[in-house]
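Residue-level listing of the chains:
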Amino acid sequence: MNTISKSLKTDIDFSKVPSPCFLMDMRLLRQNLEIINRVQNEADVKIILALKGFSMFSTFNLIKEYLPGTTASSLHEARLGFEEFGGEVHVYSPAYYEHEWDELTFYCNHISFNSISQYNKFYNQKSNSKVSYGLRINPEYSEVEVDMYNPCIPGSRLGIFKEHLGVTLPEGIEGLHFHNLCESSSYALENTLKSVEEKFGKYLPHIKWINMGGGHLMTRHDYNVEHLIETLKKFKAKYPHLQVYLEPGSAIAWQTGYLVSKVQDVVESRGVEVAILDISIAAHMPDCLEMPYKPAILNASQPIAGKPTYRFGGGTCLAGDFIGDYSFDEKLDVGNIVVFDDMMHYTMVKTTTFNGVNLPNIGLWNEDGSYQHIKSFGYNSFLDKLS
C-alpha cells in the first residue's frame, strides 16, 4: 500500500469542498477505466466491478461506459448492482441464506458456491433460469503475505479443494471461480494459473466460464499491463471456449480520490505536537488499520527533524485513534485543510459511526473542474443502525 508521498500534485481547489469529505476525481477515475478497458479489449475478457471494494454508485454512469457489470458478496450488494449499475451481476459468498435465496437469484446472472454442501442445499432451489452456477475453487497458491487477505492459508474456509471434487463436476455447474490475489502483480496471476491448471485443469474443457477474481492491481503505476494481457491471451488460446472474467475492486478506484479533513485543534503532548482532525482512523479509515498502512497526505512527508511535525489524531475517545506522524514545510493552524490521498477503495466502504461521529460527506470533482455535492449524513445515519 501507499505510504506517505512526496508532494502530491492536483489542481483541485479543496477550499470548495466541505470537510470532512470523500472526494472522487472523475478525471482520474476515467484514466483508470481507460487502462482497464484496454485489457478487456486486447485480451478479450470481461472485467466487472467488485462492489466490496468500491460501491460509490454516483460514479456508476461513468463506470458502465466501460465495464459490463458488477460482482457482489451479499444480497444488498447484488441489489445495488442490479438497480444502480445494470448489466451482469455476479455473486459469491461463503454461505447463502434460505430467506434471501429467491431475491438473490432474481438479481444475479452468475452465482458461485463456496462448497459442495452449499451447492447441494441451494442448486435444486433454482428459481431463476437465467442464473449460471459455478464453484469457487481453492488453488492452494497465493503470494499474498498478509494472512488476513490470503484465502489459501491452511484452514481457509474459502473455496473447494481438489480432493473434494469428483471425476466430473456436479450437475449444472458451468463455471469455476478462484480468488487468491490482493493488490498483486500479473506475475502472481501467471503463477496462480499454473496451479489452477495443475489441480483443476481436467474440468476446464467442460465449463463455459472462469472467474479469476480480484486483486489485479492493473492501474498501479508499476503494474505490467502488457504482461497481464499476454498471460490472459495465452490462457484463452488454450481454452478458447471459456469466457474469462476478472473482478477487481481496488484497481477501479486506485488513487482516484481523497479524504478531505480540517485541523480542529493542536495540542502539545510531552514534546509531540498533536493535530486533532474532524475525521477518525477508527471510524472513517478502518482499512488503514486492517491492512495496515499509513496513508499519504498531500504536501506532507515522513517526519523530518527541524520541520514542523504533527501526530494526527481523530475526534473519537479511542486512545489509539492516531493516523501517524507527518512533517510539513509550514506550521499548521486550526482550520487548515489536510488531504489524505487514495481514499476511494475499501476505506470508504468500511466507514462506521463509532462514538456517534458523523460520516464524511461524499462529493465529486467533475471532469469540467467543478465540485458536485452528492451526499451528507446526520443523526439518522447513526440512529438507523441501532435499536
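The coordinates are above.
About the cut-offs
Residues numbered from 1 in each chain as written. Predicted model: local features only at pLDDT ≥ 70, side-chain atom pairs only at ≥ 80, totals over all residues. Heavy atoms only, no water. Helix = DSSP H or I, 4+ residues; strand = E, 2+ residues; numbered from the N terminus. Expected span 1.5 Å × (residues − 1). Buried < 20%, exposed > 50% of the residue type's maximum accessible area, 1.4 Å probe, protein only. Polar contact = N/O pair within 3.5 Å; in protein donor to acceptor, adjacent residues only side chain to side chain. Phe/Tyr/Trp six-rings, centres within 6.5 Å; stacked < 30°, edge-to-face > 60°. Lys NZ or Arg CZ within 6 Å of the ring centre and 35° of its normal. Contact = heavy atoms within 4.5 Å. Salt bridge = Lys/Arg side-chain N within 4 Å of Asp/Glu carboxyl O.

S.K.: Any chance you could explain helix H7 (residues 225–238) here in plain terms?
M.R.: Along an α-helix, a turn takes 3.6 residues, which lines up residues three or four apart on a common side. Between its first and last C-alpha atoms H7 spans 20 Å; for 14 residues at 1.5 Å apiece the expected length is 20 Å, and the two agree. Considered for burial, the residues of H7 that qualify are Val 225, His 227, Leu 228, Ile 229, Thr 231, Leu 232, Phe 235 and Lys 236. The distance from a side-chain oxygen at the start of H7 to the backbone nitrogen of Glu 226 is 3.3 Å, and the residue carrying that oxygen is Asn 224.

S.K.: Would you take a moment to explain the packing of aromatic side chains for this structure?
M.R.: The geometry of an aromatic ring pair comes down to the distance between the two centres and the angle between the two planes. Following the criterion strictly, the structure yields 21 aromatic pairs and no others. Plain terms: the ring middles of Trp 209 and Tyr 245 are 6.5 Å apart, the flat faces sit at 85° to each other, and that makes the pair edge-to-face. On the criterion of sequence distance, the pair formed by Trp 209 in strand E9 (residues 209–211) and Tyr 245 in strand E10 (residues 243–246) is long-range, its members being 36 residues apart. The two residues Trp 209 and Tyr 245 agree in class, both being buried. Each residue in the set Tyr 96, Trp 101, Phe 113, Tyr 119, Phe 122, Tyr 123 and Tyr 133 is aromatic and connected to the rest through ring pairs, giving one cluster. Note that Arg 136 overlies the ring of Tyr 92, its terminal NZ or CZ placed 4.7 Å from the centroid. Its end group placed over the ring of Tyr 326, Lys 294 keeps NZ or CZ at 4.9 Å from the ring centre.

S.K.: Can you help me understand the side chain of Ser 186 in this one?
M.R.: Tracing the backbone through its elements, the reader meets Ser 186 in helix H6 (residues 186–200). Residue Ser 186 is classed as buried on the basis of its relative accessible area of 1%. Within polar-contact distance, the side chain of Ser 186 engages the side chain of His 227 at 2.7 Å. With residues near it in sequence (within four places) discarded, Ser 186 still touches Tyr 223, Asn 224, His 227 and Leu 228.

S.K.: Just to check I follow, could you spell out the pattern of salt bridges for this structure?
M.R.: Where charged atoms of side chains with opposite charge meet at close range, the side chains can pair. Enumeration over the complete set of coordinates arrives at 18 salt bridges. Between Glu 290 and Lys 350 there is a salt bridge whose closest N-O contact spans 2.7 Å. On the criterion of sequence distance, the pair formed by Glu 290 in helix H10 (residues 286–290) and Lys 350 in the loop between strand E15 (337–341) and strand E16 (361–365) is long-range, its members being 60 residues apart. Given a relative accessible area of 36%, Glu 290 falls into the partly exposed group. Each of Asp 11, Asp 25 and Arg 27 takes part in one network of salt bridges that share partners.

Read these as spatial facts, not as claims about activity.
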